Amino acid sequence: MTAAPIRALVAGNWKMNGTTAALREPRLLAAMLKGVKLKCDVLVCPPATILRRAKAVMKGSKIRVGGQDCHAAASGAHTGDISADMLKDAGASMVIVGHSERRTNHKETDAEVLAKAKAVHRAGLTAIICIGETLEERKAGKTLEVLTAQIKGSVPAESNAGNTVVAYEPVWAIGTGLTPTTAEVAEAHTHIRAELEKAMGAEGSQTRILYGGSVKPSNAAELMSAANVNGALVGGASLKAADFIGIIKTYM
Ligand code: PGA
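Definitions and limits used
Residues numbered from 1 in each chain as written. Predicted model: local features only at pLDDT ≥ 70, side-chain atom pairs only at ≥ 80, totals over all residues. Heavy atoms only, no water. Near = heavy atom within 4 Å. Polar contact = N/O pair within 3.5 Å; in protein donor to acceptor, adjacent residues only side chain to side chain. Areas by Shrake-Rupley, 256 points an atom, 1.4 Å probe, with all protein chains shown as cover. Nonpolar A, V, L, I, M, F, W, Y, C, P; charged D, E, K, R; others polar. Disulfide = S-S within 2.5 Å. Buried < 20%, exposed > 50% of the residue type's maximum accessible area, 1.4 Å probe, protein only. Pairing = 2+ DSSP bridges. Helix = DSSP H or I, 4+ residues; strand = E, 2+ residues; numbered from the N terminus. Axes fitted to C-alpha atoms, helices over the stretch in contact; angles between N-to-C directions.

A.B. asks: I keep staring at the site of the ligand and nothing clicks. Help me out?
C.D. replies: As a matter of local geometry, the ligand sits amid 13 residues, with K15, H99, E169, G175 and S214 nearest to it. Taking S214, its main chain carries an N or O atom lying 2.7 Å from an oxygen atom of the ligand. Between an oxygen atom of the ligand and a main-chain N or O atom of G236, the distance comes to 2.8 Å. For the ligand, whose unbound accessible area comes to 280 Å², protein coverage reaches 95%. Looking at the shell around the ligand residue by residue, the classes come out as four nonpolar, seven polar and two charged.

See the structure below:
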């Protein structure tokens, strides 16, 4: 059986960067991509404070906007938190959950990430669920085991290829300039694919698996060429349109 090709996704995670002045970048990106036939979807996840305006400055383009995290509840007494419904209301079509910075800085567990992913689904949005091993875990030969546990713990059973994207982000590769070899990326992604097929059946074979961690224009083509890589989750190199487009070019 030959499966339909999976449409790639290149997503930018701005993290806690960007005020009004930064809106020039998505505006520029939309202008650069005008009339370009892309073989991937493009997503920009700015801080929630400028989400709506980022969407507005890219109006008329196919670039989507997303959130970087959400609360597991739809509303309530949760000072400072933002729900998936609120992100949707601001224009988001996807929400990142379980990013390693959330798992580390906010001690988020797989169970909490699972609850957040379910909240994203309930809001009718797509969850980008991040998983990945630490350097210690990789050195101990536990990478695949860790990925299996994170998939079992944080990917909702009722997920489908439309409402779920999995991002493999080795913790040691995030913001460090270090990247796994193409063979290591292929090994992890092929393992994730098999686990998703076990958990989600046929939907698992169509679910996008992104690679994230120090992706930049100079290494994107090679990282994206690894087996079962269906796009990228980009941090630092998504902040400037000129860099981000260098990664998107992999799919032009
Ligand atoms: P980086 O971040 O591209 O800056 O390494 C990736 C991420 O955290 O999603």
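A.B. asks: So what exactly am I meant to see when it comes to the state of the cysteines here?
C.D. replies: Among covalent bonds in proteins, the disulfide is the one between the sulfur atoms of two cysteines. Under the counting rule described, the total for this entry stands at zero disulfides. C45 provides the cysteine sulfur closest to C70, a residue in no disulfide bond, and the two sulfurs are 12 Å apart. Among the residues examined, C70 registers a relative accessible area of 2% and is labelled buried. No disulfide involves C130; its nearest neighbouring cysteine sulfur is the one of C45, lying 9.5 Å away.

A.B. asks: Please explain the sheet that holds strand β4 (residues 94-97) as it appears in this structure.
C.D. replies: Strand order in the closed barrel formed by eight strands is β1-β2-β3-β4-β5-β6-β7-β8, with parallel pairing between adjacent strands. Pairwise comparison of adjacent strand axes, ignoring direction, gives a mean angle of 25° for this sheet. Direction of pairing for strand β2 (residues 40-45) relative to strand β3 (residues 64-67): parallel, over a ladder of two bridges. Following the sheet pairing, L43 is matched in β3 by R64.

A.B. asks: In this structure, what is going on with the pairing of β2? I would like to understand it.
C.D. replies: For a regular strand, side-chain orientation follows a simple rule: the groups alternate between the two sheet faces. Most of β2 is tucked away: six of the six residues are buried. The side-chain alternation of β2 yields two buried faces, one formed by C40, V42 and V44 and the other by D41, L43 and C45. Pairing of strand β1 (residues 8-13) with β2, which is carried by six bridges, proceeds in the parallel orientation. By the bridge assignment, A8 is partnered in β2 with C40.

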